[in-house]
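Spelled out from the first residue to the last, the chains are:
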Amino acid sequence: VQESFIVATNSEGLWIVDQHAAHERVLFDRHVRLRQERKVEGQRLLMPIILELKPEQQVTYQTIADELVANGFEVDPFGQRTVAIKTAPAEITPDEVEKLMLEILDDVNQEGPTVSLDVLRGRIAASISCHAAVKVNMALERSKMEWLLDALARTDCPMTCPHGRPTVLRYGMKDLMKAFKRI
């Protein structure tokens, strides 16, 4: 539906799947597993992305630099409040890297200085997954839709994305029959 939602059926009824939120959940679970195994891959950027940070972002960057490395980033200081991003998580396109880095830094800033390591890891994984996921209004071939539905079913929490939004609306047969006044 409008290259954003997958409509599917099974014996339980009708399913409407938000392709972005579903892919985000699949990528999040994969990223968390790879992070635990210390196997998150980075991709070297052709040209480093030079990023000027606000003072609070600079403090956050210094605080979480090791965790950024563990999540596929290679970022080096490049002046007083400037950093050079040389490597980014492998699934992130180069045009998303700057936005992703700023989002991570600002998100951690909102949590405050006492954010736990588990929360920090979850926030970073959620941001990376969101930026890497297929977007709404992006056409998917049937095989990709089938793969996505199968992969979503194998996740730990298939009904929501890492940010808590629903991935699926489900209408059971009883709901459909009732809506059409058949029961």
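Relevant structure appears above.
Residues numbered from 1 in each chain as written. Predicted model: local features only at pLDDT ≥ 70, side-chain atom pairs only at ≥ 80, totals over all residues. Heavy atoms only, no water.

Overview of the pairing of strand β5 (residues 82–89)
And then number 1: Extensive coverage of β5 is indicated by the burial of 7 of its 8 residues.
And then number 2: Alignment of strand β3 (residues 42–52) against β5, held across 7 bridges, turns out to be antiparallel. By the bridge assignment for β5, Gly42 is matched with Pro89.
And then number 3: Summarising the sheet, strand β4 (residues 74–77) and β5 pair through 4 bridges and their orientation is antiparallel. In the strand pairing of β5, Pro77 is matched with Val83. (Buried < 20%, exposed > 50% of the residue type's maximum accessible area, 1.4 Å probe, protein only. Helix = DSSP H or I, 4+ residues; strand = E, 2+ residues; numbered from the N terminus. Pairing = 2+ DSSP bridges.)

Describing a nonpolar patch on the surface
And then number 1: Taken together, Val1, Phe5 and Val7 make up a surface patch of nonpolar side chains, about 280 Å² in accessible area.
And then number 2: Taking relative accessible area as the criterion, Phe5 reaches 38% and is therefore assigned partly exposed. (Patch = residues over 30% accessible without salt bridge, like charges linked within 9 Å, V, L, I, M, F, W, Y side chains within 5 Å. Areas by Shrake-Rupley, 256 points an atom, 1.4 Å probe, with all protein chains shown as cover. Salt bridge = Lys/Arg side-chain N within 4 Å of Asp/Glu carboxyl O.)

Things to note about the side chain of Thr167
And then number 1: Take Thr167: it is sitting in the loop between α5 (142–153) and β6 (168–172).
And then number 2: On the accessibility criterion, Thr167 (1% relative accessible area) is buried.
And then number 3: At 2.4 Å, the side chain of Thr167 forms a polar contact with the backbone oxygen of Pro158.
And then number 4: Contacts of Thr167, omitting those with residues within four sequence positions, involve Ile16, Val17, Asp18, Ala21, Ala22, Arg25, Leu152, Pro158, Met159, Thr160 and Cys161. (Polar contact = N/O pair within 3.5 Å; in protein donor to acceptor, adjacent residues only side chain to side chain. Contact = heavy atoms within 4.5 Å.)

A few points about the sheet that holds strand β1 (residues 5–10)
And then number 1: The strand order across the open sheet built from 3 strands is β1-β2-β6, with neighbouring strands paired in antiparallel fashion. Sheet topology places β1 and β6 at the edges, where each strand pairs with a single neighbour. On average, adjacent strands in this sheet sit at an angle of 15 degrees to one another, irrespective of strand direction.
And then number 2: Note: strand β2 (residues 13–18) against β6, 5 bridges, orientation antiparallel. (Axes fitted to C-alpha atoms, helices over the stretch in contact; angles between N-to-C directions.)

Side note on the nonpolar core
And then number 1: Counting 25 residues, the largest nonpolar core has Leu68, Phe73, Ile85, Met101 and Ile104 as the members making the most contacts within it.
And then number 2: When contributions to this core are tallied by element, the ones reaching two or more residues are β3, α2 (55–70), β5, α3 (94–111) and α4 (117–132).
And then number 3: With 6 residues, the top contributor of residues to this core is α3.
And then number 4: Apart from residues no more than four positions distant in its own chain, Ile85 is found in contact with Leu45, Pro48, Ile49, Leu51, Phe73, Glu74, Val75, Val97 and Met101.
And then number 5: Membership of the second largest hydrophobic core comes to 12 residues, among which are Ile6, Trp15, Val17 and Val168. (Core = buried A, V, L, I, M, F, W, Y, C linked by side-chain atoms within 4.5 Å.)

Describing the sheet that holds β3
And then number 1: Pairing in this open sheet of 3 strands is antiparallel, and the strands run β3-β5-β4 from one edge to the other. Whereas interior strands pair on both sides, the edge strands pair on one side only; in this sheet they are β3 and β4. Ignoring strand direction, the axes of neighbouring strands in this sheet form an average angle of 15 degrees.
And then number 2: On the sheet, α2 packs against β3, β4 and β5 and is oriented at approximately 120 degrees with respect to β4.

Focus: unusual backbone geometry
And then number 1: In this structure, Gln2 takes a positive phi of about 45 degrees despite not being glycine.
And then number 2: Positionally, Gln2 belongs in the segment before β1.
And then number 3: Using a relative accessible area of 68% as the deciding quantity, one classes Gln2 as exposed.
And then number 4: A positive phi angle is found at Glu3, which is not glycine, with a value near 50 degrees.
And then number 5: Tracing the chain through its elements places Glu3 in the segment before β1.

Considering the pattern of salt bridges
And then number 1: All chains considered together, the criterion is met by 13 salt bridges.
And then number 2: For the salt bridge of Arg30 with Glu91, the shortest nitrogen-to-oxygen distance reads 3.4 Å. Remark: Glu91 occurs in the loop between β5 and α3 and Arg30 occurs in helix α1 (residues 19–36); sequence separation between them is 61 residues.
And then number 3: The partly exposed category is assigned to Arg30, whose relative accessible area is 38%.

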